[in-house]
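Architecture at a glance
Here's the letter readout for the chains.
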Amino acid sequence: MLKTRMQLLFYLSAIGLAVFLGIHMAVQHLNNVLATGDTAPTSWLSMIGRATQNGWVVIYILMLVFGLYHGLYGLRGIIIEMTKSDKAINLVNRIFIVGGIIIFAWAAYIPIALATR
Amino acid sequence: MPDKETSVTFKVQRFDPEKDKQPRMQEFIVPTRRGMTILDALLYIKENLDGTLAFRTSCRMGICGSCGMYINNYPRLACHTQIAELESAVVTVKPLPNSPIIKDLAVDLQPMFDKHKSIKPYIVQENKTEESNLTHEYVQKPEEVEEYEQFSYCIKCGICVAACPTSASDAKFLGPQALGQAYRYCADSRDAGSAERLTITESNHGAWRCHLAGACSEACPKGVDPGLAIQLLKNKMAKQALAGPQKNKKVAIYPEPKEIKPRVAVPPFTAK
Ligand code: SF4
Ligand code: FES
């Protein structure tokens, strides 16, 4: 039941994305409404400040994982719906797995590098 | 709306793959009467106007599932659709979409039947000898019958497949008919084939390709609601993926009869 597990992860990643995008909205764009205390949350200094805190690094990486998985799995679904041959589907799967890992490694490097500099 | 005095223009799609390159529309004027169905009109055309018109029909009462057609741009059973209910002086009749055309209004439903067969549309038994040669009768409570009853009304007309947007874009998609029937058998307390069946329905072109457009349920002339069946099937698949194969509870078997009572004799025929 691998495909079903992957589909359930697809839904789970959507929930995760909603939660983390909610945090992102609350911290960066609703600071006045929610009175978070940060008067310029989108300023460079404020962003760099958050990027050096471990909690935020975890949030950024989880957001990246959920966003990548949800986006790529969804796109794969659209492509395989229009792909008749099973060989082509296998190729699409491989491209998405390798592509996903490369994008993840590249994008996760930035918050990790910022936090550890 | 046509009354008993009026006639209706029928625009019927004609296509003979042996002669035609493209389908074409042909017009017929059909005198209508109260209660007349699209099938009655097609039979009128065949008997009086053009005997070469090809379409499929059998029971004329919404039971055999032969007469699915695309009537006024919506998939319907021709025998189950009255001309009056369309409230239109012009009626277009085309073959069902998403299936290859054999001739005129007759489509090839074999791909749908093949998909239906692939999901094992029968009660799977743990004991394979018992599966092909049943020796017992099973006790099924009314509430157990309710679990699948609605879904067992499917007449395999293919109307849901014609309405389904995923079937339109993915010819390999199992489709609402086969997936609905997969749930019908998984939900049957006598069945032991869920684990096997659910691995078939989770294929690349299986239940997860359903986007819940709901067009199948809206179009189904028998109220089967295949869209609901697919969602319930997804639920079963999720349970199997997370917690392993879920077995139906063992159904009771009727005890062997101790004595066979003789049949009550048929009373003699008395009417003269
Ligand atoms: S589910 Fe309904 S529309 Fe689909 S084949 Fe069965 S009876 Fe026809
Ligand atoms: S002729 Fe049998 S369903 Fe219409």
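Residues numbered from 1 in each chain as written. Chains lettered and ligands numbered in written order. Predicted model: local features only at pLDDT ≥ 70, side-chain atom pairs only at ≥ 80, totals over all residues. Heavy atoms only, no water.

Glancing now at the domain arrangement of chain B. All names here are of chain B. With domains assigned, chain B is organised as domain 1 (7–107) and domain 2 (110–253). Look at where the C-alpha atoms of domain 1 and domain 2 centre, and you get two points 30 Å apart. Each side of the interface is counted separately: domain 1 has 14 residues, and domain 2 has 16 residues. Both sides together, the interface formed by domain 1 and domain 2 hides about 1000 Å², and carbon and sulfur atoms give 60% of it. (Domains from an automatic or database assignment. Contact = heavy atoms within 4.5 Å. Buried area = accessible area lost by both parts, 1.4 Å probe.)

As a further point, take the pattern of salt bridges. Evaluated as defined, the whole model comprises 10 salt bridges over all chains. Linking E81(A) and R209(B) is a salt bridge whose minimum nitrogen-to-oxygen distance equals 3.8 Å. Linking E81(A) in helix α4 (residues 54–81) with R209(B) in the loop between α9 (194–201) and α10 (215–219), this pair reaches from one chain into another. Here the two residues E81(A) and R209(B) agree in accessibility, since each one is buried. Two residues, D104(B) and R14(B), come together in a salt bridge whose shortest N-O distance is 3.2 Å. Of the two residues, D104(B) is situated in the loop between β6 (101–103) and β7 (106–107) and R14(B) in strand β1 (residues 7–14); the sequence distance between them amounts to 90 residues. Side by side, D104(B) and R14(B) carry an identical accessibility label, which is buried. (Salt bridge = Lys/Arg side-chain N within 4 Å of Asp/Glu carboxyl O. Helix = DSSP H or I, 4+ residues; strand = E, 2+ residues; numbered from the N terminus. Buried < 20%, exposed > 50% of the residue type's maximum accessible area, 1.4 Å probe, protein only.)

Before going further, it helps to spend a moment on the packing of aromatic side chains. All names here are of chain A. If you walk through the whole model with that rule in mind, you get 7 aromatic pairs over all chains. Between F10 and Y11, the ring centres sit 6.0 Å apart and the planes meet at 45°, which makes this aromatic pair tilted. Look at F10 and you get buried, because its relative accessible area is 16%. By relative accessible area, which is 37% here, Y11 ends up partly exposed. Aromatic side chains F20 and F66 sit 5.9 Å apart centroid to centroid with 20° between the ring planes, which places their arrangement in the stacked category. With F20 in helix α1 (residues 2–29) and F66 in helix α4, this residue pair connects regions lying 46 residues apart in the sequence. (Phe/Tyr/Trp six-rings, centres within 6.5 Å; stacked < 30°, edge-to-face > 60°.)

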